[in-house]
Structures are given as C-alpha cells and as structure tokens.
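# Analysis of the macromolecular model
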Amino acid sequence: RFVCSPQNYHPVIRQNGKLFHGEPVDLNPGWNLVATTVAPTNDTQTFLVFSASEILPTFEFHPRQPYKIHPNDLSYGFLIDGYVVSPDSKGNIVRTKSRPFIQDLVPKDGMLYLNFTVVGHSGCE
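Presented here is an overview of the structure given in this document.

## Some remarks on the overall build of the chain
When you go through the chain residue by residue, the secondary structure sums to 0 helices and 12 strands. Seen in sequence order, the chain has helices and strands lined up from the N terminus as β-β-β-β-β-β-β-β-β-β-β-β. Relative to its 125 residues, the chain shows a buried fraction of 35%. Nonlocal contacts in the chain, meaning residues at least 24 apart in sequence, comprise 42% of its contacts between residues at least 6 apart. For the chain, the exposed area adds up to about 8700 Å²; of that, 50% sits on carbon and sulfur atoms.

Laid out in structure tokens, this is it:
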C-alpha cells in the first residue's frame, strides 16, 4: 500500500466481504511493516506499506520553458511546461508531463511568483 501522510495510518483489512479497521499507527519514511489484529478472530496480519512523506512531489520546468512574460499578458494567465517528479505506488520515482495553467499572476519586486499545487503520481500533494 502507498500513503502520503505518515501520521495516524489506519490499516483496513477485508475478510469474508467485511472491512475491519486496525489500530492507527505512525509510519516511518519509506517501507514499513504494519502488523494489525483482526477482530473477532484476533488473527494478526502484516502489511507492507510505503510512506512517501519525505518524498513529496516536486515540479521541474521543461528546459524550453520561457522565463519571460510580457506585463500586458499577466491578466491572461501563464501556461507552464514541465514535469511532476514523485514516487509511484511501488516507491519508484516517476516523471509525469504536466502543464498547469496559472491565473491571477501578480508581480512583486520585479519578480513573478507562481503558486500552484503539485499533485504526484499517487495523489500526494
């Protein structure tokens, strides 16, 4: 299993068509073995869980991305060309093509600060 947040992970087990929720645990970054007891039989099951908490997705600009925008074009928005770099559900690093469109651009001190959410391959932000 793959999770984005290491705190308060709740293991869920399906047995005979029923869902059982294990006790919450805090995960370490990377791979974790999580053991949980399943009611009513009190059987213990162990899961391999990957926590991507320290490998959050990042954005890389495409090398051909222009870094200039005419001031008159600020009100129209700005299309960014690049890649989201993030782990997949197996822990491998994946580069995914991304072209976010940024609106409401406001220059400050001669610079243009871009603020957008980067969502990785497995849904982590």
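## Some details on the layout of surface pockets
Considered as a void within the structure, the largest pocket measures approximately 370 Å³ in volume. In terms of lining residues, the largest pocket is bounded by 15 residues, among which Tyr67, Ile69, Met111, Leu112 and Tyr113 are the most central. By residue class, the composition of the lining of the largest pocket is 12 nonpolar, 2 polar and 1 charged.

## A closer look at the environment of Asp73
If you trace the backbone, Asp73 turns up in the loop between strand E6 (58–61) and strand E7 (78–79). Classification of Asp73 as partly exposed rests on a relative accessible area of 35%. For the pair Asp73 and Leu105, spaced 32 residues apart in sequence, the C-alpha to C-alpha distance is 9.5 Å.

## Some points on the packing of aromatic side chains
For the coordinates displayed, the defined rule picks out 1 aromatic pair. Both rings, one in Phe59 and one in Phe61, keep their centres 5.4 Å apart while their planes meet at 85°; by these two values the pair is edge-to-face. Judged by its relative accessible area of 17%, Phe59 falls in the buried class.

Cut-offs applied
- Residues numbered from 1 in each chain as written.
- Predicted model: local features only at pLDDT ≥ 70, side-chain atom pairs only at ≥ 80, totals over all residues.
- Heavy atoms only, no water.
- Helix = DSSP H or I, 4+ residues; strand = E, 2+ residues; numbered from the N terminus.
- Buried < 20%, exposed > 50% of the residue type's maximum accessible area, 1.4 Å probe, protein only.
- Contact = heavy atoms within 4.5 Å.
- Areas by Shrake-Rupley, 256 points an atom, 1.4 Å probe, with all protein chains shown as cover.
- 1 Å grid on protein atoms, 1.4 Å probe; cavity = no way out; pocket = protein on both sides within 12 Å on 5 of 7 lines; lining within 4 Å.
- Points joined across faces, edges and corners; volume = space filled by probe spheres on them.
- Nonpolar A, V, L, I, M, F, W, Y, C, P; charged D, E, K, R; others polar.
- Phe/Tyr/Trp six-rings, centres within 6.5 Å; stacked < 30°, edge-to-face > 60°.

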